[in-house]
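Architecture at a glance
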Amino acid sequence: IIPRAEMLGTLMKPYRSIAVAGSHGKTTTTSIIASIFNGAGLSPTYVIGGQVLSVGRSSNLGDGSYMIVEADESDGSFLHLQPEVAVITNIDNDHLDFYESSQEKLNQSFVNFAENLPFYGHLILNLDDSNINKIKKNIHRKIISFGFSSKNQFQIINTALHEGVQSFQLLNTHSKKLYKFSTSLSGRHNLLNVCAAICVALEEKISIINIKKGLKNFKGVGRRFEIAEISISGQSKILIDDYGHHPTEILATLKASKEKFSTKRICMIFEPHRFSRTKQLFEDFVKVLAQIDQLLLLDIYPASESPIRGISSKNLMAKINQNNGNAILVSNSSAQQWIEENYNDYDVLLTQGAGTISQLNHSIKEKWTSKK
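What you see is a predicted model; the values in this text were computed from it and never measured.

Re the overall build of the protein
Within the protein one finds 12 helices and 16 strands. For the protein, the C-alpha radius of gyration of 21 Å lies close to 21 Å, the compact-globule estimate for 372 residues. Taken along its principal axes, the extent of the C-alpha atoms in the protein is 60 × 50 × 40 Å. The proportion of buried residues among the 372 residues of the protein is 56%. For the protein, the proportion of contacts with a sequence separation of at least 24, taken over those separated by at least 6, is 66%. Approximately 16500 Å² of the protein is accessible, and the part contributed by carbon and sulfur atoms is 48%. The centroid of the 40 positive side-chain charges in the protein is displaced by 6 Å from the centroid of its 35 negative side-chain charges.

Focus: the sheet that holds strand E6 (residues 122-126)
Strand order in this open sheet of 10 strands is E3-E2-E4-E1-E5-E6-E7-E8-E9-E10, and the pairing throughout is mixed. The sheet terminates laterally at strand E3 (57-60) and strand E10 (178-183), the two strands that pair on one side only. Put simply, the sheet's adjacent strands are angled 20 degrees from each other on average, direction ignored. Taken together, the three bridges between strand E2 (residues 45-52) and strand E4 (residues 66-70) define a ladder with parallel strand orientation. Note that in E4 the partner of Val47 across the bridge is Val69. The strands touched by helix H3 (residues 103-115) are strand E1 (16-21), strand E5 (85-88) and E6; relative to E5, the strand with the most contacts, the crossing angle is about 160 degrees.

Quick look at the environment of Lys237
By the secondary structure assignment, Lys237 is in strand E12 (residues 235-242). In the structure, Lys237 is positioned 110 residues away from Asp347 in sequence and 5.3 Å away in space, judged by C-alpha atoms. With sequence-adjacent residues up to four places away left out, Lys237 is seen in contact with Ala228, Glu229, Ile230, Ile232, Tyr343, Tyr346 and Asp347.

A closer look at the packing of aromatic side chains
Taken as a whole and judged by the stated rule, the model has nine aromatic pairs. For the pair Phe270 and Phe285, a centre-to-centre distance of 5.8 Å together with 35 degrees between the ring planes defines the contact as tilted. In this pair, Phe270 sits in strand E13 (residues 266-271) while Phe285 sits in helix H9 (residues 282-289), placing the two residues 15 residues apart along the sequence. Phe285 matches Phe270 in its accessibility class, with the two residues each being buried. When the ring of Trp338 is compared with that of Tyr346, the centres are 5.9 Å apart and the planes differ by 20 degrees; the resulting orientation is stacked. On the basis of relative accessibility, which here comes to 14%, the residue Trp338 falls in the buried class. In this structure Tyr346 comes out as buried when scored by relative accessible area, which is 1%. An aromatic cluster is built from Phe78, Phe110 and Phe113, whose rings are joined through pairwise contacts. The side chain of Arg188 reaches across the aromatic face of Phe148, ending 3.7 Å from its centre.

Notes on the state of the cysteines
Applying the stated criterion across every chain, the model contains zero disulfides. Cys195 supplies the cysteine sulfur nearest to Cys199, a cysteine that is in no disulfide, at a spacing of 4.2 Å. The exposure class of Cys199 is buried, given its relative accessible area of 0%.

The rules behind the values
- Residues numbered from 1 in each chain as written.
- Predicted model: local features only at pLDDT ≥ 70, side-chain atom pairs only at ≥ 80, totals over all residues.
- Heavy atoms only, no water.
- Helix = DSSP H or I, 4+ residues; strand = E, 2+ residues; numbered from the N terminus.
- Rg over C-alpha atoms; globule rule 2.2 N^0.38 Å.
- Buried < 20%, exposed > 50% of the residue type's maximum accessible area, 1.4 Å probe, protein only.
- Contact = heavy atoms within 4.5 Å.
- Areas by Shrake-Rupley, 256 points an atom, 1.4 Å probe, with all protein chains shown as cover.
- Lys, Arg positive; Asp, Glu negative; His and termini not counted.
- Charge placed at Lys NZ, Arg CZ, Asp CG, Glu CD.
- Pairing = 2+ DSSP bridges.
- Axes fitted to C-alpha atoms, helices over the stretch in contact; angles between N-to-C directions.
- Phe/Tyr/Trp six-rings, centres within 6.5 Å; stacked < 30°, edge-to-face > 60°.
- Lys NZ or Arg CZ within 6 Å of the ring centre and 35° of its normal.
- Disulfide = S-S within 2.5 Å.

See the structure below:
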């Protein structure tokens, strides 16, 4: 058995390779890059951690000279990769159990990843991120930076939302060139993902016309703010499925939902992922989940971990409700019953998490998808 990262590292050698790393957003960013390169007729090979909705699969063997991959830091295996171009979207306090509960050790692994690039390679960094700022001085490769702050080489400015489409301008603060783009993706976090992909494309000399074509063709990634419509007793509801299972990701999804559906009431069904993550980030989970109009909590998905004393969805619910939240415990079956009995109390139903909750989303769609 060959570990995934070792296999990828070997497969990447004949290609001009691009690897996307980071705590959040790497699947979406990798997918957007692939879409832009396809739009430019470059026929890239790609290997991604989620299903690209436009093609219905997570990998593709192209005819071109590029290979685009998602780099996974969760077990340190991304250090097997030696790309010529790398993106780091952000660095958060996730998967710290592998890094001996040390943010510094996690940060250092990203430095080591960056230093794997050849001397002629370059790195696309989000300098809005505090942990990336901490490691920047230790990276000895060419850096192209992006974000909302003016300290970045590529600055996102003049954002606007109209009928579900986000438009924005990208200012090259070095050359003073200004570009206009738009995306159907929701949320501020996705503007960063899109911008990272654009920076990669610009550095590879892809034309603005082809970049815009690739953005337009991009239909999203499975379980990344994937939107559907259901009908319960004749009432139309929005159903969103999202893989995010870290407080930062959940907050980004919640903000995007409120931005896109500003007048609608949101009910989230959340399945916590791993006892260790729930313990380590317990207070962060409480802070975020208490902001939701109505929260249905499933049991913690163990992901092969043993239970930890005092760490349970029941205790998480109690703390959320102490913090003015509105949470109740449900099972997969009782969740569907609650959905059916309380359909007047919400407009948007959000299934959130990385465990078995995707199966619940599928069951909801099977039961209540609108017949047109």
